[in-house]
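In case you want the letters, here they are:
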There are 2 protein chains.
Amino acid sequence: MLYPGNKNRTYQKTISHKNRGMALEAMINDTNNYYRDHDIALIYKKPTPIGIVKVKYKEQKKIIDKAYFANKSTLDYNGLYRGKYLDFDAKETTNKTAFPLSNLHNHQLEHIKKVILMNGIAFLIVKINCQYYLLPGEKIITFIEEETRKSIPYTTIKEMGFEIKENYQPSLDYLKIIDQIYFKEDL
Amino acid sequence: MLYPGNKNRTYQKTISHKNRGMALEAMINDTNNYYRDHDIALIYKKPTPIGIVKVKYKEQKKIIDKAYFANKSTLDYNGLYRGKYLDFDAKETTNKTAFPLSNLHNHQLEHIKKVILMNGIAFLIVKINCQYYLLPGEKIITFIEEETRKSIPYTTIKEMGFEIKENYQPSLDYLKIIDQIYFKEDL
């Protein structure tokens with residue numbers, strides 16, 4: 001949309017925020033496709049497990065007639081980057097002052113702990129106030145163990161997290177941050 | 001089942017081959033559960049992706065009314081072991097003299113190549129003649145590139161593969177072989 005007398009600003013906005021309306025999940029899928037196509041990393045979204053109740057056959061093909069969405073016991077994404085195992089989840093909150101920990105289920109927290117225990121890389125990508133932060137699993141666990149709060153304040157997220165800037169291609173280059181944290185490289 | 005006059009043999013069979021009747025997939029799932037419970041590795045079977053056609057609501061719960069099984073573009077299992085990313089598939093053949101390569105789809109082969117390219121560990125666990133072999137992805141690719149055969153002869157499997165002995169717990173300890181091949185340790 002163009003606003004009179006404000007052409008330049010609007011134009012820049014279109015360039016630098018092409019993903020503004022894109023849901024976080026779509027941005028991550030888009031980024032993962034980019035990583036795959038460019039042989040950078042192999043990261044997949046795990047399909048939601050389905051509990052199948054009834055199956056029928058139609059033209060010799062198996063068709064699911066009744067099923068339900070089961071709960072994932074892990075995080076949404078996992079994969080391979082530079083030989084290492086990565087496991088993470090994407091969380092969006094409309095809360096402007098804090099990230100409610102109710103977004104993180106107990107079994108997900110346990111999973112993060114296990115991944116770290118086995119030298120894998122576990123983290124969250126959190127969208128808050130239209131900004132994206134990568135929160136390393138280690139820091140989330142420390143926060144939860146040391147604090148009694150039921151949410152991580154926005155100011156704390158800015159301190160303990162790493163901002164992922166929106167980009168043109170890939171839209172959310174979180175592996176840049178992973179390089180910086182886990183492979184000890186500068187941006 | 002007990003056969004008259006053959007009690008001992010049947011009894012021994014029950015002890016040493018408790019998994020004889022178990023499908024390969026069940027043995028691997030059993031083994032992965034053992035690895036998880038003992039903090040050895042985190043390895044999961046990827047759920048089969050489902051294409052959902054119709055969803056309805058019942059008592060405020062989302063229920064899938066019609067769906068189909070989609071094709072997995074990758075291998076069946078992936079996970080984390082000693083910080084490294086693992087990706088593999090389990091294949092069973094009733095053929096006694098060779099493993100037909102038609103069991104390995106082209107996109108699966110491409111996936112194996114990608115995993116290796118990115119320093120991950122990719123392999124197959126093949127059941128042939130009631131024996132279990134771990135075939136490293138690198139060796140499978142070399143075989144396919146150098147040979148024109150449409151199957152891997154049993155004798156070649158024995159040469160290029162690593163036998164995984166059936167065990168009591170876990171039933172198929174394939175990570176022992178992974179240690180040996182990829183972490184340069186002796187059994």
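Cut-off values and rules
Residues numbered from 1 in each chain as written. Chains lettered and ligands numbered in written order. Predicted model: local features only at pLDDT ≥ 70, side-chain atom pairs only at ≥ 80, totals over all residues. Heavy atoms only, no water. Helix = DSSP H or I, 4+ residues; strand = E, 2+ residues; numbered from the N terminus. Polar contact = N/O pair within 3.5 Å; in protein donor to acceptor, adjacent residues only side chain to side chain. Contact = heavy atoms within 4.5 Å. Salt bridge = Lys/Arg side-chain N within 4 Å of Asp/Glu carboxyl O. Nonpolar A, V, L, I, M, F, W, Y, C, P; charged D, E, K, R; others polar.

> Please explain the side chain of B:Lys46 as it appears in this structure.
Residue placement: B:Lys46 occurs in the loop between β1 (42-45) and β2 (50-58). Among the polar contacts listed, one links the side chain of B:Lys46 to the side chain of B:Thr74, at a separation of 2.9 Å.

> I'm lost on unusual backbone geometry in this one. Help?
Note on backbone geometry: most residues besides glycine have negative phi, and most peptide bonds are trans. In the segment running from A:Gln169 into A:Pro170, the intervening peptide bond is cis, with an omega of -5°. Mapped onto the secondary structure, A:Pro170 falls in the loop between β10 (162-164) and α6 (174-182). Of note in this structure, B:Asp39 is not a glycine but carries a positive phi near 50°. With respect to the helices and strands, B:Asp39 occurs in the loop between α2 (24-37) and β1.

> Is there a simple way to explain the interface of chain B and chain A in this structure?
For an interface, size is often stated in terms of accessible area lost upon the parts coming together. Taken together, the contacts link 34 residues of chain B with 35 residues of chain A. Inspection of the region where chain B meets chain A yields 2 salt bridges. With a shortest N-O distance of 2.8 Å, B:Asp39 and A:Lys114 are connected by a salt bridge. There are 9 residue pairs in polar contact (both at pLDDT 80 or more) connecting chain B and chain A. Those elements that provide at least two residues to the side of chain B that touches chain A are β1, β2, β3 (61-69), β4 (77-81), β5 (84-92) and α3 (106-117) of chain B. Looking at the side of chain B that touches chain A, the element that brings in the most residues is β3(B), giving 8 residues. For the side of chain B that touches chain A, the per-class residue count stands at 18 nonpolar, 7 polar and 9 charged.

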